[in-house]
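A structural walkthrough
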Amino acid sequence: MTALEELASTVNRVAGLAGPATVGIGSGWGQGSGLVVREGFVLTNAHNLRETHAAVTFASGRVAEATPRGVDVDRDLAVLVVDTAGVTPLTWSDTATSLGTPVVALANPGGRGLRATLGQVSALSQEFRGPRGRRIAGSIEHTAPMAKGSSGGPLLDTGGHLVGLNTNRLGEGFYLAIPTDAALTDHLDALAAGSAPARRHLGVALAPSHVAARLRAAVGLPERAGLLVRGVEPDGSAAAAGLMVGDLIVAAASGPITTVDDLYSALDALAEGAALVLGVLRGADELELSLFQS
């Protein structure tokens, strides 16, 4: 058997083992993939959900309606309750992933049929930002190509065991997967039980310091480090506190703010029931605004 035939045999074998548990989420290329992790439960990325219900397409072609049980937008994870009709859940790898490990990525983009690609682990402990801008650390970087709609599908070793949940395309042929480690197991348990983290949400779109500096200079305002408010959700905490588009957030909880991670750190350190005081520059005027006031 040639090397190419061995590779083809490996991909076919893994697809045969894990393909039945790889599902489509929604319909069309604008949707995503998911995987059966337990009887009656599908794991996918939170960004694949568009409505309060989602169509799940199985490898057999059967389509069933699923309901989100637990969603963590900041970590880009969601667990759906759906009739899995006897599909065998994927088994998780008990071996640590290392550089160079061959991997197979499976997907069923929007229910359009199974896709399988081969690659290798190119880096470990990588970071990317979730849908709300928070950092997701500890990701596996790999080179198995993924088409649009593949996020939420499984990343597997050559034995067909799950090593990660494909989540993010980096471009230039690199992709990121959330590792299926003990931390994800615990998180899956919580989401499957209907428990999602109660993280505070500001309800703003922000531009980084260098953008804020350029825009302030363009209108003749003095340079100041901070995050520029580009959008405010009408019913969010920021709107209720009076934050406006064009404001520059320069401090939070008495500490300086130069990056979005500074702001998230201030949020995460906030005591239960406490207000978050933001230092805001509105034009040349300095203001203090309190969020999450009871």
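I will try to describe carefully the structure that is included in this document. (Residues numbered from 1 in each chain as written. Predicted model: local features only at pLDDT ≥ 70, side-chain atom pairs only at ≥ 80, totals over all residues. Heavy atoms only, no water.)

1. Let's talk about the overall build of the protein chain
Note the threshold: Counting from the N terminus, the helices are DSSP H or I runs at least four residues long and the strands are E runs at least two residues long. The buried label goes to any residue with under 20% of its type's maximum accessible area, the exposed label to any with over 50%, and the partly exposed label to all in between, with areas taken from a 1.4 Å probe on protein chains only. Under the convention used here, a 1.4 Å probe and the Shrake-Rupley method define accessible areas, while residue burial counts only the protein chains that appear. Only four residue types enter the tally: Lys and Arg on the positive side, Asp and Glu on the negative side; His and the chain ends are excluded. Taken as the charge centre is NZ of Lys, CZ of Arg, CG of Asp or CD of Glu, depending on the residue.
Of regular secondary structure, the protein chain possesses five helices and 18 strands. Over its C-alpha atoms, taken along the principal directions, the protein chain stretches across nearly 70 × 40 × 35 Å. Taking all 294 residues of the protein chain together, the buried fraction comes to 46%. Just so you have it, the protein chain exposes about 13800 Å², and 52% of that area is on carbon and sulfur atoms. In the protein chain, which carries 21 positive and 28 negative side-chain charges, the distance between the mean positions of the two groups comes to 5 Å.

2. Considering the sheet that holds strand β10 (residues 154–156)
Spelled out, the test is: Only strands that DSSP links by at least two bridges are regarded as paired with each other. Orientation is described by lines fitted to C-alpha atoms, with helices fitted over the stretch in contact, and by angles between N-to-C directions that extend from 0 to 180 degrees.
On the basis of which strands lie adjacent, the closed barrel formed by six strands has the order β7-β8-β9-β12-β11-β10 and antiparallel pairing. Each neighbouring strand pair of the sheet contributes to a mean axis angle of 50 degrees, computed without reference to strand direction. Sheet topology note: the strand β8 (residues 115–129)/strand β9 (residues 135–142) ladder contains five bridges and is antiparallel. Paired with V121 across the two strands is H142, which belongs to β9.

3. Notes on the nonpolar core
As a rule of thumb, soluble globular proteins bury nonpolar side chains together. Where we set the bar: For this analysis, a nonpolar core means a set of buried residues of the types Ala, Val, Leu, Ile, Met, Phe, Trp, Tyr and Cys, connected via side-chain atoms within 4.5 Å. Residue contacts are counted whenever heavy atoms from the two residues lie within 4.5 Å of one another.
With 39 residues, the main nonpolar core has I25, L43, V56 and F58 as its most contacted residues. In contact with L43, other than residues within four places in its own chain, are G34, L35, V37, L77, A78, V79, G152, L165 and L188. Of all hydrophobic cores here, the second largest spans 20 residues; its members include L227, V229, L270 and L291.

4. Comments concerning helix α1 (residues 3–18)
We apply this condition: Helix span, as expected, comes to 1.5 Å for every residue beyond the first. Within this analysis, the arc is defined by the directions that extend from the helix axis to the C-beta atoms.
An ideal rise of 1.5 Å per residue puts 22 Å on 16 residues; α1 measures up with 23 Å between its terminal C-alpha atoms. T10, V11, V14, A15 and A18 are the residues of α1 that are buried. Relative to the axis of α1, the buried residues are bounded by an arc of 125 degrees and lie together on one face. Of the exposed residues in α1, those oriented more than 90 degrees away from the buried face are N12, G16 and L17.

5. Observations concerning the layout of surface pockets
What counts, and what does not: In this analysis the probe radius is 1.4 Å and the grid spacing 1 Å, with only protein atoms considered; a cavity is a set of points the probe fits into but cannot get out of, a pocket is an open set with protein on both sides within 12 Å along at least five of seven lines, and lining residues have an atom within 4 Å of a point. Grid points are joined across faces, edges and corners, and a volume is the space filled by probe spheres set on the points. Charged means Asp, Glu, Lys or Arg here, nonpolar means Ala, Val, Leu, Ile, Met, Phe, Trp, Tyr, Cys or Pro, and polar covers whatever is left, Gly included.
Of the volumes computed, that of the largest pocket is approximately 310 Å³. Around the largest pocket, the lining comprises 17 residues; the ones closest to its centre are R132, G133, H201, V204 and Y264. Where the lining of the largest pocket is concerned, the elements lending two or more residues are β13 (204–207) and α5 (260–268). When residues in the lining of the largest pocket are grouped by element, the largest group, four residues, is from α5. Classifying every residue of the lining of the largest pocket by side-chain character gives eight nonpolar, three polar and six charged.

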